[in-house]
Amino acid sequence: MKTQRDAFFESLYDIAFQDKDVVLVSADMGAPSLDRFRRDLAHQYVDVGIAEQQAILVATGLSLGGMKAFVYGIGPFVTYRCYEQIRLDLGAMNVPVTIVGVGAGMSYEESGPTHHTTEDISCLRALPNISITNCSDSVMASAMAANSLGLDHPSYVRLDRQAFPVLYRPGHDFSGGLEVLRQGDSLFLVATGNTVHDALALAGELEAHGLRPGVIDVYRFPINPELFREKTKGAKILFTMEEHTLPGGLGSAVAEIIADYGLGLRLKRFGCDFSRGLCYEYGGRRRLQELHGLNPRIMSQTIVDMTRSL
């Protein structure tokens, strides 16, 4: 299995090798997949040091000058730290820079809350013109390098730090923004990023309770409302799963569609509950997930109980 970061930058390297207008702005980040880029394409690589806000400013100027600019850094540092720059320089002016953030959710499990990327979707979803892609496997991450070049607006590609099993075949069309990975009847698990893999595992376990849950991978924000309505047609209840804080994340985006389009569906959101503060615990990513709302046993029992009450 390949990490999403390696898949993305290997693809971007191949593109940049042929297209000299592609430039990567890095905030003092190192990775084996960046070594070739830095060595072979030195004139297309800018390291601004530990200065993520400056990276956004430099990329904005390069883009306005006709270059195809990418900014790379750790998730919270290229989003929260740069919020004003993203809002004004990219969002307000609709400049097509692609921000690439690694460490989605709590994948920097050993580094504490400074490195947890658990509010970025809700923050950036509130800004104008910006699209967000939350990758669930390396095939998607690889495709996003090329897909980002065709956009006429700013975008954010959210990469997990870990390697996960492949869900999609190379060449898959990711234009829809969501995909049904498992067909269901009246029950759907709607997940994003790494939790898509948990949703597939959970769906299999729920079969033992006589349930036939579908699984939907929502990888693009804003969510395509018409496609979402089409794919959930016939459903009675939805359960969203995200390694992200509940306010403003996937569950909130789905709730907005249900309310705005009068779908009349029941909804239960599973995600990070930071109502008592950020996550200061340690002990492995799975433990952190379970401590903060993503406990498979509790989720399974909740789904069974709520489904039986329909």
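Residues numbered from 1 in each chain as written. Predicted model: local features only at pLDDT ≥ 70, side-chain atom pairs only at ≥ 80, totals over all residues. Heavy atoms only, no water.

Engineer: What is the right way to read the packing of aromatic side chains from this model?
Structural biologist: Describing an aromatic ring pair means giving the distance of the ring centres and the angle of the ring planes. Per the stated rule, a full pass over the model turns up nine aromatic pairs. An angle of 85° between the planes, with centres 5.3 Å apart, marks the rings of phenylalanine 8 and phenylalanine 9 as edge-to-face. Both residues of the pair, phenylalanine 8 and phenylalanine 9, belong to the buried class. A ring pair is formed by phenylalanine 37 and tyrosine 45, whose centres lie 6.3 Å apart and whose planes are at 50°; its orientation type is tilted. For the pair shown, phenylalanine 37 and tyrosine 45 are each scored as buried. Among the aromatic residues, ring-to-ring pairing joins Phe8, Phe9, Phe70 and Tyr72 into one connected group. Over the ring of tyrosine 13 we find arginine 36, and its NZ or CZ is 3.8 Å from the ring centre. Note that arginine 81 overlies the ring of phenylalanine 77, its terminal NZ or CZ placed 4.6 Å from the centroid. (Phe/Tyr/Trp six-rings, centres within 6.5 Å; stacked < 30°, edge-to-face > 60°. Buried < 20%, exposed > 50% of the residue type's maximum accessible area, 1.4 Å probe, protein only. Lys NZ or Arg CZ within 6 Å of the ring centre and 35° of its normal.)

Engineer: What is the right way to look at the packing of helix H1 (residues 4-18) against helix H7 (residues 138-149) in this model?
Structural biologist: Between two packed helices, what matters for the description is the angle formed by their axes and the separation of those axes. It is at 7 Å that the axes of H1 and H7 come closest, and there the two elements cross at 35°. Both H1 and H7 take part in a crossing whose hand is right-handed. Contacts between H1 and H7 involve Gln4, Ala7, Phe8, Ser11, Leu12 and Ile15 on the former and, on the latter, Ser138, Ala141, Ser142, Met144, Ala145, Ala146 and Leu149. Looking at the contact of H1 with H7, its residues break down into nine nonpolar, four polar and no charged. (Axes fitted to C-alpha atoms, helices over the stretch in contact; angles between N-to-C directions. Helix = DSSP H or I, 4+ residues; strand = E, 2+ residues; numbered from the N terminus. Left-handed = near helix turned anticlockwise from the far one by under 90°. Contact = heavy atoms within 4.5 Å. Nonpolar A, V, L, I, M, F, W, Y, C, P; charged D, E, K, R; others polar.)

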